[in-house]
Amino acid sequence: MDFFDKRRKSLTSSFFLDFSRDQCYINRVINVNTVNTQGGALLISINFRDSRPIYEQVRDNFRQLIVSGALPADYKMPSVRELAAALAINPNTIQRAYRELEAEGCICAVPGRGSFVCDRGAVTAARRQELLARLRDTARELESLGMSRAELLAALEGGERE
C-alpha cells in the first residue's frame, strides 16, 4: 500500500461522535450527517469543492434547519469545538458561522452554557423581509434590462418566457 492508497483510505473513513443527545455520523470527504436519537434526522452538508467559503455553507445549512423547523426553539447547538472537530475544520470557521447566525437572530449565545436556537417566528419573519428586499432589487434590475412585468411574473410562477 503506497502513500496515495493510505491517503485515499483516510479520506473516505467514517466515524461516530456523541453530541449529548445526538449521534453524529461523519463522512470526512463531503458530508456530516447528524441523526437525532429522538427520531428526526438532520443533515449538514459541507462541500469542499464549493466556491463558497465553508463558514457560509455551515451558516446556510443551520439556517435552513432552523427555518424549516428541523431544529426546534431552545435546541442546544453543538459547541464550536465539537463541531470543528467533527468537520475537521478550524474552530474559527465555526465561530464565524455562529456569529453570523447570532447576528441574524437564528441562535442566541448564553455565556458559559453555549448557543441555542431562538424562536423560529422571529427568524422566519426577518429572513422573509431580507429575501423580499433582494427580490425587489433583482426585479428592478431585470426591469432596467428590458424585462416586462408580465415576463417577471411568469418567471416567478416557474415558466420563463424568452
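In this numbering scheme, every chain counts its residues from 1 along its sequence in written order. Only residues with pLDDT of at least 70 are given local features in this predicted model, and only at 80 or more are side-chain atom pairs given and counted; all residues enter the totals for whole chains, interfaces and linings. Hydrogen atoms and water are omitted, and side-chain values are computed over all heavy atoms in the structure.

Visitor: How would you explain the packing of aromatic side chains if you had to name every residue and give the values?
Guide: Working definition: rings of Phe, Tyr and Trp (its six-membered ring) pair if their centres are within 6.5 Å, and the pair is stacked with planes under 30 degrees apart, edge-to-face with planes over 60 apart, and tilted otherwise. Summed over all chains, the structure comprises one aromatic pair. Ring centres of F62 and Y98 lie 6.1 Å apart, and the angle between their planes is 75°; this geometry places the pair in the edge-to-face category. On the criterion of sequence distance, the pair formed by F62 in helix α2 (residues 54-68) and Y98 in helix α4 (residues 91-104) is long-range, its members being 36 residues apart. Since its relative accessible area comes to 3%, F62 is described here as buried. In this scheme, Lys NZ or Arg CZ marks a charge over a ring once it lies within 6 Å of the ring centre and within 35 degrees of the ring normal. The ring of Y55 has R96 sitting right over it, with the charged end atom 3.9 Å from the ring centre. Secondary structure is summarised from DSSP: a helix means a run of H or I of at least four residues, a strand means a run of E of at least two, and numbering begins at the N terminus for each. Classification of residues uses two cut-offs on accessible area relative to the type maximum, computed with a 1.4 Å probe and protein chains only: under 20% is buried, over 50% is exposed, and between them is partly exposed.

Visitor: Tell me about the nonpolar core, residues and numbers included.
Guide: Throughout, nonpolar core names a set of buried Ala, Val, Leu, Ile, Met, Phe, Trp, Tyr and Cys residues whose side chains join them through atoms within 4.5 Å. Judged by nonpolar contacts, the single largest core of 22 residues is most densely connected at F62, L71, I94 and Y98. Of all the secondary-structure elements, those providing two or more residues to this core are α2, α3 (80-87) and α4. Counting residues per element, this core draws most heavily on α2, at five residues.

Visitor: I'd like to hear about the packing of α2 against α4, residue by residue, with values.
Guide: One can describe the packing of α2 onto α4 by two numbers: an axis separation of 8 Å at closest approach and a directional angle of 45°. Relative to α4, the element α2 is oriented oblique. The interaxial crossing formed by α2 with α4 has right-handed handedness. For the pair formed by α2 and α4, the contact residues are I54, Y55, V58, R59, F62 and R63 on the first element and T93, I94, R96, A97, Y98, E100, L101 and E104 on the second. Of the residues that constitute the contact of α2 with α4, the class distribution is eight nonpolar, one polar and five charged. For helices, the axis comes from a line fit to the C-alpha atoms of the stretch in contact; other axes are also lines fit to C-alpha atoms, and the angle between any two N-to-C directions lies between 0 and 180 degrees. The labels follow the angle: roughly parallel below 35 degrees, roughly antiparallel above 145, roughly perpendicular from 65 to 115, and oblique for the rest. Crossing handedness is defined as follows: a turn of the near helix away from the far one that is anticlockwise and smaller than a right angle gives a left-handed crossing, while the clockwise case is right-handed. In this analysis, two residues are considered to be in contact whenever any of their non-hydrogen atoms come within 4.5 Å of each other. The residue classification treats Ala, Val, Leu, Ile, Met, Phe, Trp, Tyr, Cys and Pro as nonpolar and Asp, Glu, Lys and Arg as charged. All others, Gly included, are polar.

Visitor: I'd like a rundown of α3, residues and numbers included.
Guide: Since the α-helix turns once every 3.6 residues, residues separated by three or four places project in the same direction. Within α3 the residues assigned to the buried category are V80, L83, A84, A86 and L87. End-on, the buried residues of α3 take up no more than an arc of 165°, which puts them together on one face. Every exposed residue of α3 that faces more than 90 degrees away from the buried side is listed here: R81 and A85. With its phi angle positive at about 60°, A88 sits one or two positions after the end of α3. This arc is taken over the directions from the axis of the helix to the C-beta atoms.

Visitor: Tell me about the pairing of strand β6 (residues 114-117), and please be specific about residues and values.
Guide: As defined by bridge partners, strand β5 (residues 107-110) adjoins β6 across four bridges and the pair is classed as antiparallel. Counted as the bridge partner of C108 is F116 from β6. Strands were regarded as paired on the criterion that DSSP finds at least two bridges between them. Between the antiparallel neighbours β5 and β6 lie three residues, among them G112 with a positive phi of about 80°.

Visitor: Tell me about the side chain of S115, residues and numbers included.
Guide: With respect to the element layout, S115 can be found in strand β6. In contact with S115, other than residues within four places in its own chain, are Y75, K76, M77, Y98, I107, C108 and A109.

Visitor: Give me the state of the cysteines: which residues, what numbers.
Guide: Here, the term disulfide refers to a pair of cysteine sulfur atoms separated by no more than 2.5 Å. Counted according to the given criterion, the structure contains one disulfide. The side chain of C108 participates in a disulfide bridge whose partner is C118; the two sulfur atoms lie 1.9 Å from each other. Across the disulfide from C108 to C118, rotation about the S-S bond amounts to roughly 125°, and the bridge is consequently right-handed. Taken together, the residues span a long stretch of sequence, with C108 in strand β5 and C118 in the loop between β6 and α5 (120-144) at a distance of ten residues. For C108, a relative accessible area of 35% gives the class partly exposed. The exposure class assigned to C118 is buried, which follows from its relative accessible area of 13%.

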